[in-house]
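Okay, here's what each chain looks like letter by letter:
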Amino acid sequence: MILSNVPQKHCLSNEGKMVPLVNINQKELEKIMVIFAHPDDAEGNCGGTTAKWVREGKVVYYLVLTNGDKGSWDLSMTSEKLAQIREKEQEAAAKVLGVSKVIFLGIPDGELEVSQSLRKEIARLIRLHQPSFIFTHDPWKPHQIHPDHRATGFLALDAAVAARDHLYYPDQLPQGLKPCRVKECYLFGTESPDFWVDISECIELKLQAVRCHQSQGLASREVQERIKNRALAVGKIKGFLYAEAFKRIVM
Ligand SMILES: [Zn+2]
């Protein structure tokens, strides 16, 4: 997508001030789609990278597969109420990072299955939005106990393959959709990282975005320290102050 005469865009600085985005005019914008299981999965795993790439002029879309309606230990909480709260929290966190669009599939929390129908729907959304890069859960992470995290990783990767080839779901093509060649997929929550992103300049934005998920207790000082220390430890491996790590798959 070549954009011309794009209006000046701004993003939040680490200090919370609005600063102009550089190099955005007359530039081919690359799109990133972050596909994740629950509201809050993206910020902790790739919030710093998202903020950094938005600053560089890339467009980031979120695709949230479940509504997170089981993520509470509060006995007075209902699933209906929780889903509403978490959608609002996700919207707020996405705004902090400069994410352009949040798509909610609204599947009940914990009930995600690797199905043909879901793969097809995600492939349709990939074809519709044409991302160059996809971020998602590493479905091969050993001892990953959350079924939604495993399912999301498989669904996102399977859908990326299907979206690429025109003979998958040909009924989508007369609807004006085109096959989409995703260049690379990045897996987060991985135990075999091979790609590190220096997020030193965006660590405060990442923490601010994580704090939006108050219903999950992510605004507490203890959690914030833990996230910061994790980024510090990951950064140390590659000589960065703070970093996020991924397994990179060239498609
Ligand atoms: Zn999750």
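Fair warning: this is a prediction, and the values are worked out from it, not measured in the lab.

Draft legend 1. A look at the layout of surface pockets. Computed from the structure, the largest pocket encloses a volume of approximately 1100 Å³. As for the largest pocket, its lining consists of 33 residues, of which Asp40, Asp41, Gly44, Asn45 and Ile227 are closest to the centre. Considered class by class, the residues forming the lining of the largest pocket number twelve nonpolar, eleven polar and ten charged.

Draft legend 2. Representation of the coordination of the zinc ion. Protein-derived coordination of the zinc ion comes from His38 (ND1), Asp41 (OD), Asp41 (OD) and His149 (NE2), at a distance range of 2.0 to 2.5 Å. The coordination sphere of the zinc ion comprises four donor atoms, whose angles at the metal cover 55 to 129 degrees; the geometry is irregular. One chain supplies every donor to the zinc ion, and in sequence these donors are spaced H-x2-D-x107-H. Linking Asp41 in helix H1 (residues 41–55) with His149 in helix H4 (residues 147–164), this pair joins segments that are 108 residues apart in sequence. Of the two residues, Asp41 and His149, neither departs from the other in class, the shared state being buried.

Draft legend 3. Summary view of the nonpolar core. By size, the foremost hydrophobic cluster in this structure holds 36 residues, and its most contacted members are Val34, Tyr62 and Phe135. Residue assignment for this core shows that the elements contributing at least two residues are strand S3 (31–36), H1, strand S4 (59–66), helix H2 (79–97), strand S6 (133–137), strand S7 (184–188), helix H5 (203–211) and helix H6 (221–238). If you look at the next biggest cluster of nonpolar residues, it comprises 26 residues, including Ala123, Leu157, Ala162 and Val182.

Draft legend 4. Representation of the pattern of salt bridges in the model. Counted according to the given criterion, the structure contains 13 salt bridges. Note that Lys247 and Asp194 form a salt bridge whose closest N and O atoms lie 3.1 Å from each other. Linking Lys247 in strand S9 (residues 243–250) with Asp194 in the loop between S7 and strand S8 (195–198), this pair joins segments that are 53 residues apart in sequence. The class of Asp194 is partly exposed, set by a relative accessible area of 36%. Connected via shared salt-bridge partners are Asp69, Lys70 and Glu111.

Reading guide: rules and limits
Residues numbered from 1 in each chain as written. Predicted model: local features only at pLDDT ≥ 70, side-chain atom pairs only at ≥ 80, totals over all residues. Heavy atoms only, no water. 1 Å grid on protein atoms, 1.4 Å probe; cavity = no way out; pocket = protein on both sides within 12 Å on 5 of 7 lines; lining within 4 Å. Points joined across faces, edges and corners; volume = space filled by probe spheres on them. Nonpolar A, V, L, I, M, F, W, Y, C, P; charged D, E, K, R; others polar. Donors = N, O, S within 2.8 Å, 3.2 Å for Na, K, Ca; no water. Tetrahedral: all angles 85-135°; square planar, octahedral: opposite > 155°, others 65-115°. Helix = DSSP H or I, 4+ residues; strand = E, 2+ residues; numbered from the N terminus. Buried < 20%, exposed > 50% of the residue type's maximum accessible area, 1.4 Å probe, protein only. Core = buried A, V, L, I, M, F, W, Y, C linked by side-chain atoms within 4.5 Å. Salt bridge = Lys/Arg side-chain N within 4 Å of Asp/Glu carboxyl O.

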